[in-house]
Amino acid sequence: DTGVSQDPRHKITKRGQNVTFRCDPISEHNRLYWYRQTLGQGPEFLTYFQNEAQLEKSRLLSDRFSAERPKGSFSTLEIQRTEQGDSAMYLCASSSPGQQTGTQYFGPGTRLLVL
Amino acid sequence: GESVGLHLPTLSVQEGDNSIINCAYSNSASDYFIWYKQESGKGPQFIIDIRSNMDKRQGQRVTVLLNKTVKHLSLQIAATQPGDSAVYFCAENPSRAGGTSYGKLTFGQGTILTVHP
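Treat the numbers as computed from the prediction; the structure is a model and nothing was measured.

Undergrad: Kindly report on the pairing of strand S6 (residues 53-57) of chain A, identifying the contributing residues and their values.
TA: Residues and elements named next belong to chain A. Relative to S6, strand S5 (residues 44-50) runs antiparallel, the two being bridged by four bridges. Looking across to S6, one finds that Phe49 is bridged to Gln54. Here S5 hands over to S6 after two residues, with Asn51 in that stretch at a positive phi of 55 degrees.

Undergrad: Got a sec to walk through the pairing of strand S7 (residues 62-67) of chain B? Specific residues and values, please.
TA: All names here are of chain B. Where strand S6 (residues 56-58) and S7 come together, three bridges link them in antiparallel fashion. Each bridged residue has a counterpart across the sheet, and for Lys56 the counterpart in S7 is Leu65. Pairing of S7 with strand S8 (residues 72-77), which is carried by six bridges, proceeds in the antiparallel orientation. Looking across to S8, one finds that Val64 is bridged to Leu75. Two successive antiparallel strands, S7 and S8, enclose a turn made up of four residues, where Lys71 displays a positive phi of approximately 55 degrees.

Undergrad: Can you tell me about unusual backbone geometry, naming the residues and giving the values?
TA: Here Asp7 of chain A and Pro8 of chain A are connected by a cis peptide whose omega angle stands at -5 degrees. Summarising the element assignment, Pro8 of chain A is placed in the loop between strand S1 (5-7) and strand S2 (10-13). Phi is positive for Asn51 of chain A, which is not a glycine, with a value near 55 degrees. The topology assignment puts Asn51 of chain A in the loop between S5 and S6. For Asn51 of chain A, a relative accessible area of 34% puts it in the partly exposed group. Of note, the phi angle at Arg61 of chain B is positive, near 65 degrees, even though the residue is not glycine. Mapped onto the fold, Arg61 of chain B is located in the loop between S6 and S7.

Undergrad: Could you give me a rundown of the packing of aromatic side chains, with the residues and numbers involved?
TA: Throughout the structure, instances matching the rule amount to 13 aromatic pairs over all chains. Taken together, a centroid distance of 5.4 Å and an interplanar angle of 45 degrees make the contact between Tyr35 of chain A and Phe106 of chain A tilted. On the criterion of sequence distance, the pair formed by Tyr35 of chain A in strand S4 (residues 31-37) and Phe106 of chain A in strand S10 (residues 105-106) is long-range, its members being 71 residues apart. Aromatic pair Tyr35 of chain A and Phe107 of chain B: ring centres 5.8 Å apart, planes at 90 degrees, arrangement edge-to-face. Of the two residues, Tyr35 of chain A sits in strand S4 while Phe107 of chain B sits in strand S10 (residues 106-107), which places them in two different chains. Note on Phe107 of chain B: relative accessible area 9%, which makes it buried. Connected via pairs of aromatic rings, a cluster forms that spans Tyr33, Tyr35, Phe45, Tyr48 and Phe106 of chain A together with Tyr36, Phe46, Phe89 and Phe107 of chain B. Note that Arg22 of chain A overlies the ring of Phe74 of chain A, its terminal NZ or CZ placed 3.9 Å from the centroid.

Undergrad: So what about a nonpolar patch on the surface? Which residues, and what values?
TA: Residue and element names in this part refer to chain A. Together, Ile12, Leu113 and Leu115 give the surface a local cluster of nonpolar side chains, amounting to about 300 Å² of exposed area. Here Leu115 shows up in the segment after strand S11 (110-114). A relative accessible area of 52% means that Leu115 is categorised as exposed.

Undergrad: Lay out the interface of chain A and chain B with the relevant residues and their values.
TA: If you look at the interface, chain A gives 21 residues, while chain B gives 22 residues. A buried area of about 1800 Å², summed over both sides, lies between chain A and chain B, and 51% of it is on carbon and sulfur atoms. In this structure, the connection of chain A to chain B is made through one salt bridge. A salt bridge links Glu56 of chain A to Lys104 of chain B, with the shortest nitrogen-to-oxygen separation between them at 3.2 Å. In this assembly, chain A and chain B are joined by six residue pairs in polar contact (both at pLDDT 80 or more). The element that contributes the greatest number of residues to the side of chain A that touches chain B is S4 of chain A, accounting for three residues.

Undergrad: Which residues make up the state of the cysteines, and what values go with them?
TA: A full pass over the atoms with the stated rule returns two disulfides over all chains. Covalently, Cys23 of chain A is tied to Cys92 of chain A through a disulfide, its sulfur atoms 1.8 Å apart. Between Cys23 of chain A and Cys92 of chain A the sulfur-sulfur dihedral comes to about -65 degrees; the bridge is accordingly left-handed. Within this pair, whereas Cys23 of chain A is found in strand S3 (residues 19-24), its partner Cys92 of chain A is found in strand S9 (residues 88-95), the two being separated by 69 residues in sequence. Assigned by exposure class, Cys23 of chain A and Cys92 of chain A land together as buried. Across the disulfide from Cys23 of chain B sits Cys90 of chain B; the S-S distance is 1.8 Å. On the sign convention where negative means left-handed, the S-S torsion of about 55 degrees between Cys23 of chain B and Cys90 of chain B marks this disulfide as right-handed. Of this pair, Cys23 of chain B sits in strand S3 (residues 19-25) while Cys90 of chain B is found in strand S9 (residues 86-94), placing the two residues 67 residues apart along the sequence. Residue Cys23 of chain B shares its accessibility class with Cys90 of chain B, and that shared class is buried.

Calculation rules
Residues numbered from 1 in each chain as written. Chains lettered and ligands numbered in written order. Predicted model: local features only at pLDDT ≥ 70, side-chain atom pairs only at ≥ 80, totals over all residues. Heavy atoms only, no water. Pairing = 2+ DSSP bridges. Helix = DSSP H or I, 4+ residues; strand = E, 2+ residues; numbered from the N terminus. Buried < 20%, exposed > 50% of the residue type's maximum accessible area, 1.4 Å probe, protein only. Phe/Tyr/Trp six-rings, centres within 6.5 Å; stacked < 30°, edge-to-face > 60°. Lys NZ or Arg CZ within 6 Å of the ring centre and 35° of its normal. Patch = residues over 30% accessible without salt bridge, like charges linked within 9 Å, V, L, I, M, F, W, Y side chains within 5 Å. Areas by Shrake-Rupley, 256 points an atom, 1.4 Å probe, with all protein chains shown as cover. Salt bridge = Lys/Arg side-chain N within 4 Å of Asp/Glu carboxyl O. Contact = heavy atoms within 4.5 Å. Buried area = accessible area lost by both parts, 1.4 Å probe. Polar contact = N/O pair within 3.5 Å; in protein donor to acceptor, adjacent residues only side chain to side chain. Disulfide = S-S within 2.5 Å.

Okay, structure coming up:
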């Protein structure tokens, strides 16, 4: 499978715990995006990487959230001291330098439930 | 603030009918629009896109129409099939100063399309 992959697919945690999600983009895609999606809503942009540089962060990304892409390939999204309001689907997407930036290929997402 | 929204949250059609899903946008700076399909338990899947300098674009069984005058976008699906049942999102990609864009997509709420055999 050469699509975007995310791990884990599901995560249940208790409030106050830290969680980390991983995204592996399509090979050679230099742009990587994180979105958050709650039930019945469209995805909301969180942050964007071009290679290893984090170029934009949404105001939705509070201080408890941090994302990295250290080698310009896979990325991780960490949420510290999780809150119930963090429960959502976390989607990763990637795009190729030869395409429109809006042509993004999404992974299956990581569904987070904070109890 | 600027937003992208949908007129109809649900749409039910019979197999073989044509479907039309509508979307309104308000950010006049957007220069690129995309339709995504999302099936249950999956991430959004790219369907078709259109630049703001076009008013129509056709793909396989799908057509996107853009009316910049009224800031309206529509997705037409011909001969709808049960496999088309999903949530459909329109998204806009605002351009930035200098014409660049990061791909910071703004999605609408979504329309649930149900196709009955």
